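# A closer look at the structure
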Amino acid sequence: MFSTMQDVPLTVTRILNHGMRLHGSSHLTTWRGGGEPQRRSFAEVGCRAFQLANALRDELGVQGADRVATLMWNNAEHVEAYFAIPAMGAVLHTLNLRLPAEQLAWIVNHAADRVIIVDGSLIPLLAPLLPHLKTVEHVVVSGPGDRSPLEGAHARVHDYEELIADCPTTFDWPEIDERQAAAMCYTSGTTGDPKGVVYSHRSIYLHSMQVNMTQSMGLTDQDTTLIVVPQFHVNAWGLPHALFMTGVNMLMPDRFLQPAPLAEMIEAERPTHAAAVPTIWQGLLAELTAKPRDVSSLTQVTIGGSACPPALMEAFDKLGMRVCHAWGMTETSPLGTVSRPPAEVVGTEREFAYRLTQGRFPASVEARLTGPGGERLPWDGESAGELEVRGPWIAGAYYNGPDREPLRPADKFSEDGWLKTGDVGTISADGFLTLTDRAKDVIKSGGEWISSVELENALMSHPDVAEAAVVAVPDDKWGERPLATVVLKDGSTADFETLRTFLAAEGKIAKWQLPERWTVIESVPKTSVGKFDKKVLRRRYADGDLDVTRL
Ligand code: AMP
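## Remarks on the pairing of strand β5 (residues 115–119)
Side-chain positions along a regular strand alternate between the two faces of the sheet. Most of β5 is tucked away, with five of its five residues classed as buried. By the alternation rule, side chains of β5 split into Val-115, Ile-117 and Asp-119 and Ile-116 and Val-118, which are all buried. Pairing geometry for strand β3 (residues 67–71) and β5, over four bridges, is parallel. Counted as the bridge partner of Val-68 is Val-115 from β5. Note: β5 against strand β6 (residues 138–142), five bridges, orientation parallel. Bridge pairing in β6 links Ile-116 to Val-139.

## With respect to the site of the ligand
As a matter of local geometry, the ligand sits amid 16 residues, with Ala-326, Thr-330, Asp-423, Arg-438 and Lys-531 nearest to it. In the environment of the ligand, a nitrogen atom lies 2.7 Å from a nitrogen or oxygen atom belonging to the backbone of Ala-326. In this structure, a nitrogen atom belonging to the ligand sits 2.9 Å away from a side-chain N or O atom of Gln-358. Coverage of the ligand by the protein chains reaches 89% of its 500 Å² of free accessible surface. Secondary-structure elements contributing two or more residues to the shell around the ligand are β14 (322–328) and β21 (432–438). The element that contributes the greatest number of residues to the shell around the ligand is β14, accounting for four residues.

## Remarks on the packing of aromatic side chains
Centre-to-centre distance and the angle between the planes together describe a pair of aromatic rings. Evaluation of the coordinates by the stated rule reveals 10 aromatic pairs. With a centroid separation of 4.5 Å and 15° between ring planes, the pair formed by Phe-42 and Phe-244 is classed as stacked. Residue Phe-42 is found in helix α2 (residues 42–59), and its partner Phe-244 is found in helix α9 (residues 239–246); the two are separated by 202 residues along the sequence. A relative accessible area of 0% means that Phe-42 is categorised as buried. Among the aromatic residues, those joined into a cluster by ring pairs are Phe-42, Phe-83 and Phe-244. Of note, Arg-368 hangs over the ring of Trp-418, and the distance from its end group to the ring centre comes to 4.1 Å. Looking at Lys-508, its charged tip hangs above the ring of Phe-502, at a distance of 3.8 Å from the centre.

## Describing the side chain of Arg-67
Position of Arg-67 among the secondary structure elements: in strand β3. The buried charged residue Arg-67 lacks any salt bridge, with Asp-113 as its nearest oppositely charged partner at 5.2 Å. For Arg-67, the side chain forms a polar contact with the main-chain oxygen of Ala-65, separated by 2.8 Å. A polar contact is formed between the side chain of Arg-67 and the backbone oxygen of Ala-111, at a distance of 2.8 Å. Beyond its immediate chain neighbours, meaning those up to four positions away, Arg-67 contacts Val-91, Ala-111, Ala-112, Asp-113, Arg-114, Val-115, Met-184, Tyr-399 and Pro-402.

## Some remarks on the pattern of salt bridges
If you walk through the whole model with that rule in mind, you get 29 salt bridges. A salt bridge links Glu-77 to Arg-48; the shortest N-O distance between them is 3.9 Å. Taken together, the residues Glu-77 in helix α3 (residues 76–87) and Arg-48 in helix α2 connect sequence positions 29 residues apart. Comparing Glu-77 with Arg-48, the two get one shared label, buried. The shortest N-O distance in the salt bridge between Asp-423 and Arg-438 comes to 2.7 Å. Highlighted residues: Asp-423 in strand β20 (residues 419–427) and Arg-438 in strand β21, separated in sequence by 15 residues.

## Brief notes about helix α10 (residues 259–269)
Three or more residues of α10 are buried, namely Pro-261, Leu-262, Ala-263, Met-265, Ile-266 and Glu-269. Looking at the buried positions of α10, the neighbouring elements they touch are β1 (27–30), β2 (38–41), β10 (224–227), β11 (249–252) and α11 (278–290). One or two steps after α10, the chain reaches Arg-270, where phi turns positive at roughly 55°.

## Concerning the environment of Ile-15
Residue placement: Ile-15 occurs in helix α1 (residues 12–22). Take Ile-15: its relative accessible area is 1%, and that puts it in the buried class. When the C-alpha positions of Ile-15 and Ala-242 are compared, they lie 8.3 Å apart, and in sequence the two are 227 residues distant. In this structure Ile-15 touches Phe-83, Ile-204, Tyr-205, Ser-208, His-241, Phe-244 and Met-245, once residues within four positions along its chain are discounted.

## Comments concerning the packing of α1 against α3
In a packed pair of helices, the relevant descriptors are the angle between the two axes and the axis-to-axis distance. Across the interface, α1 lies against α3 with an axial gap of 8 Å and an inter-helix angle of 130°. In terms of their interaxial angle, α1 and α3 are classed as oblique. For the pair α1 and α3, the sense of crossing is left-handed. Contacts from Val-12, Thr-13, Ile-15 and Leu-16 of α1 reach α3 at Tyr-82, Phe-83, Pro-86 and Ala-87. Within the contact of α1 with α3, the residues separate by chemical class into seven nonpolar, one polar and no charged.

## Side note on the sheet that holds strand β9 (residues 196–200)
The pairing of strands in a sheet comes from backbone hydrogen bonds and takes either a parallel or an antiparallel form. The seven strands are arranged β7-β6-β5-β3-β4-β8-β9 in an open sheet whose pairing can be described as mixed. At either end of the open sheet lies a strand with only one pairing partner, and these are β7 (156–159) and β9. Averaged over all pairs of adjacent strands, the angle between their axes in this sheet comes to 25°, without regard to strand direction. Pairing of β3 with strand β4 (residues 91–94) involves four bridges; the strand directions are parallel. Across the sheet, Arg-67 pairs through a bridge with Val-91, a residue of β4. With respect to the sheet, α3 is in contact with β3, β4, β5, β6 and β8 (181–186), its orientation differing from that of β4 by roughly 145°.

## Focus on the packing of helix α14 (residues 452–460) against helix α15 (residues 496–504)
Between α14 and α15, the shortest axis-to-axis distance is 10 Å and the interhelical angle comes to 110°. One finds that α14 runs roughly perpendicular with respect to α15. Where α14 crosses over α15, the two elements pack in a sense that is right-handed. Contacts between α14 and α15 involve Leu-455, Ala-458 and Leu-459 from the former and Leu-499, Phe-502 and Leu-503 from the latter. The residue makeup of the contact of α14 with α15, split by class, is six nonpolar, no polar and no charged.

Calculation rules
Residues numbered from 1 in each chain as written. Predicted model: local features only at pLDDT ≥ 70, side-chain atom pairs only at ≥ 80, totals over all residues. Heavy atoms only, no water. Buried < 20%, exposed > 50% of the residue type's maximum accessible area, 1.4 Å probe, protein only. Helix = DSSP H or I, 4+ residues; strand = E, 2+ residues; numbered from the N terminus. Pairing = 2+ DSSP bridges. Near = heavy atom within 4 Å. Polar contact = N/O pair within 3.5 Å; in protein donor to acceptor, adjacent residues only side chain to side chain. Areas by Shrake-Rupley, 256 points an atom, 1.4 Å probe, with all protein chains shown as cover. Phe/Tyr/Trp six-rings, centres within 6.5 Å; stacked < 30°, edge-to-face > 60°. Lys NZ or Arg CZ within 6 Å of the ring centre and 35° of its normal. Lys, Arg positive; Asp, Glu negative; His and termini not counted. Salt bridge = Lys/Arg side-chain N within 4 Å of Asp/Glu carboxyl O. Contact = heavy atoms within 4.5 Å. Axes fitted to C-alpha atoms, helices over the stretch in contact; angles between N-to-C directions. Parallel < 35°, antiparallel > 145°, perpendicular 65-115°, else oblique. Left-handed = near helix turned anticlockwise from the far one by under 90°. Nonpolar A, V, L, I, M, F, W, Y, C, P; charged D, E, K, R; others polar.

Spatial relationships are all this shows, so hold off on functional conclusions.
In structure tokens:
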């Protein structure tokens with residue numbers, strides 16, 4: 001027996017129509033660095049998305065599931081593309097502007113993008129690539145920037161504003177099957193070729209609803225979110241879709257992602273909530289310590305993408321910015337867990353420990369832990385294994401071209417279709433995830449695992465340490481041992497012996513886990529999405545590039 005309920009497709013078009021009509025007066029502000037910020041109401045953003053769709057279809061011939069790529073910072077035009085492209089039935093492909101040129105070219109060719117919308121400021125990045133992008137027929141330039149480097153390329157060049165200027169603000173949106181592709185994003189590909197994750201209308205819609213739930217971000221139209229996490233990184237954690245749905249105002253930093261302009265825009269625009277990876281917040285913290293500002297509006301900060309160091313959470317708490325830790329990946333749209341402590345621990349000593357976990361799974365994300373031998377592990381807060389997940393916004397395969405079966409590599413998907421996350425951790429009886437490592441970063445010393453994240457967090461809680469990354473290095477006796485690479489704060493005098501004693505104090509780290517190899521580095525190398533790039537450190541160690549002290 002089937003239900004008597006209506007079967008209405010869950011599409012990005014619904015979010016667009018709803019946001020522009022029912023939250024038409026909410027605002028999207030784009031920081032312009034120095035000049036007056038650009039402000040558009042959701043109604044205007046929506047109308048311009050309608051115009052863009054008309055232009056893409058009528059002027060550039062976009063049809064069916066054509067891929068339209070964006071090479072853009074976080075700004076209003078990028079949000080317009082977020083809605084126009086999927087709503088017209090095409091596929092939005094966000095390009096990670098921090099990837100090496102060859103990888104970007106590979107990705108554009110693999111996705112067979114027909115159009116690229118590019119910020120004028122990023123023309124110097126696109127121009128040398130363009131001759132290699134055979135499928136790209138049109139380049140649409142948004143905002144100021146010297147266009148001459150694009151001249152002579154095979155693709156036709158258009159100006160975004162000119163292109164949409166005379167287009168109607170209505171569009172007869174097509175009927176869309178909710179399982180159809182809406183957007184795609186390639187994983188950063190630290191090993192092997194990048195892998196394409198294709199989000200459906202349905203997955204984006206359901207994910208947006210989850211983001212908006214009280215136990216996730218829980219925002220309303222009285223809030224303003226500063227979206228620092230790039231729009232090319234997992235749809236800016238799904239925030240533009242989710243916030244359009246509920247009328248939460250958006251503040252977009254465009255290319256002004258350095259600590260000083262971020263602090264300035266928080267003081268000037270008074271967002272109540274912000275989202276970014278820990279490295280951004282570390283930078284902001286140093287900036288605010290050096291030059292205090294009124295950031296009192298910002299009372300909620302979502303941190304994810306890498307583990308939130310406890311010292312950072314504490315420091316932000318002191319500034320009145322309450323950190324909420326979250327875990328996710330490109331393959332999980334990304335919302336996987338959010339660390340909202342259960343009611344019974346709020347106000348007790350245990351609350352902070354709960355907040356530091358990666359968080360609790362929502363109803364739609366099922367999780368299980370798999371041990372090294374493939375056995376299922378209990379949720380006891382102690383048994384560590386690889387996390388596997390499944391749910392309506394979790395990838396079940398990777399894109400493999402339009403006419404080929406999607407890829408389901410055995411190291412990424414279990415036989416019964418669960419996503420193998422490559423993250424190692426424990427789950428408590430009440431469903432809170434604590435990650436101890438990436439499977440590939442775990443240090444295997446004499447048959448026991450040492451968590452590099454635990455060592456890093458302990459090191460970063462020392463007042464003289466700005467950043468620390470710990471990697472496994474080969475060891476004759478133990479197989480692998482930890483190498484501590486440390487970035488010291490300016491003027492610090494701490495030596496390795498002091499740091500090691502600090503780690504051992506109060507049983508922070510078990511004695512056998514203490515690193516004996518130490519080195520000071522200028523900064524921790526970062527990946528294209530701002531995470532610690534440990535493979536660079538491992539390579540520098542193997543090449544003998546690091547000046548290592550043995551204690
Ligand atoms: P990406 O697909 O580039 O977003 O990377 C996803 C990976 O980032 C995850 O598999 C984790 O290894 C890591 N990650 C994301 N959020 C967290 C977090 N809160 N704590 C620790 N690692 C995280």
